[in-house]
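Close look at the chain arrangement
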Amino acid sequence: PLTLRTPWRLMIQHSPEWHIFNRNERVVMMRQMRNGALISQCNISSGNAMPPGQHTPDPDFRTDVESEVQKLGGSVVAESTLRDDEQWRIRRVQTSATVNKSEIIRNYYLCTAASGEQYSLMFSHSAADSAAFGRESEQILDTLSLARRPPSLPFRKQARGTRKVP
């Protein structure tokens, strides 16, 4: 597997089928390609930080997803908590919308670390590609980790006999 380190400490592992399509300070977009065909896309972004041990309330997350999906003419079809342990809480809201006569399935995940850091991952694929997509999102979510924070630089004392230059 390959390791992706996002600009916000979140790290994931993924198969070589995934390729970075766009990356900036707000979002990392990856596309899953197989034999030259697009299977799915994953958008990763940082969310609002919460106090350690807390997460965005489930109704608030669902409301955020609903308002986004309604713009696309879609609706929520399922929701669940996939993981809730001492390291991560992962909440999923699945939606469906018809785009150009094709059903598009979007799985929105709110991933909250024990530290209160939150990340949003959204996987999308056509219903026709559901079998090819398989368990890709769960396989990636199983690898979530946070990179270590870089150590802070030690405080430097001013040497005796030297003077600060204005």
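The model shown is predicted, which means the values in this text are computed figures rather than measured ones.

Some points on the overall build of the chain
When helices and strands are tallied, the chain shows 3 helices and 10 strands. Beginning at the N terminus, the succession of helices and strands in the chain can be written as β-β-β-β-β-α-β-β-β-β-α-α-β. For a compact globule of 166 residues, the expected C-alpha radius of gyration is about 15 Å, and the chain comes in at 20 Å, more than 25% above that figure. Overall size of the chain, expressed as C-alpha extent along the three principal axes, is 75 × 40 × 30 Å. Buried residues in the chain amount to 38% of all 166 residues. Of the roughly 10400 Å² of accessible surface on the chain, 50% is carried by carbon and sulfur atoms. Side chains of the chain give 22 positive and 17 negative charges; the mean places of these two sets differ by 14 Å.

What to know about the sheet that holds strand β4 (residues 28–34)
Strand order across the open sheet formed by 7 strands is β3-β4-β5-β9-β8-β7-β6, with antiparallel pairing between neighbours. The two strands at the open ends of the sheet, each matched to only one other strand, are β3 (18–23) and β6 (75–84). Direction aside, neighbouring strands of the sheet carry axes that sit 20° apart on average. Here β3 pairs with β4 via 5 bridges, running antiparallel. Within β4, the residue paired with R23 across the bridge is V28. Taken strand by strand, helix α1 (residues 58–70) contacts β6, β7 (88–99) and β8 (102–113), and its axis lies near 25° from that of β7.

Focus on the environment of L82
Turning to its location among the elements, L82 is positioned in strand β6. Through-space distance from the C-alpha of L82 to that of P16 is 25 Å; in sequence the pair is 66 residues apart. Contacts of L82, omitting those with residues within four sequence positions, involve I90, R92, Y109 and L141.

Looking at the environment of L72
Position of L72 relative to the elements: it lies in the loop between α1 and β6. Residues L72 and Q41, 31 residues apart in the sequence, show an inter-C-alpha distance of 17 Å. Setting aside anything within four residues of it in sequence, one finds L72 in contact with A97 and R106.

Parameters at a glance
- Residues numbered from 1 in each chain as written.
- Predicted model: local features only at pLDDT ≥ 70, side-chain atom pairs only at ≥ 80, totals over all residues.
- Heavy atoms only, no water.
- Helix = DSSP H or I, 4+ residues; strand = E, 2+ residues; numbered from the N terminus.
- Rg over C-alpha atoms; globule rule 2.2 N^0.38 Å.
- Buried < 20%, exposed > 50% of the residue type's maximum accessible area, 1.4 Å probe, protein only.
- Areas by Shrake-Rupley, 256 points an atom, 1.4 Å probe, with all protein chains shown as cover.
- Lys, Arg positive; Asp, Glu negative; His and termini not counted.
- Charge placed at Lys NZ, Arg CZ, Asp CG, Glu CD.
- Pairing = 2+ DSSP bridges.
- Axes fitted to C-alpha atoms, helices over the stretch in contact; angles between N-to-C directions.
- Contact = heavy atoms within 4.5 Å.

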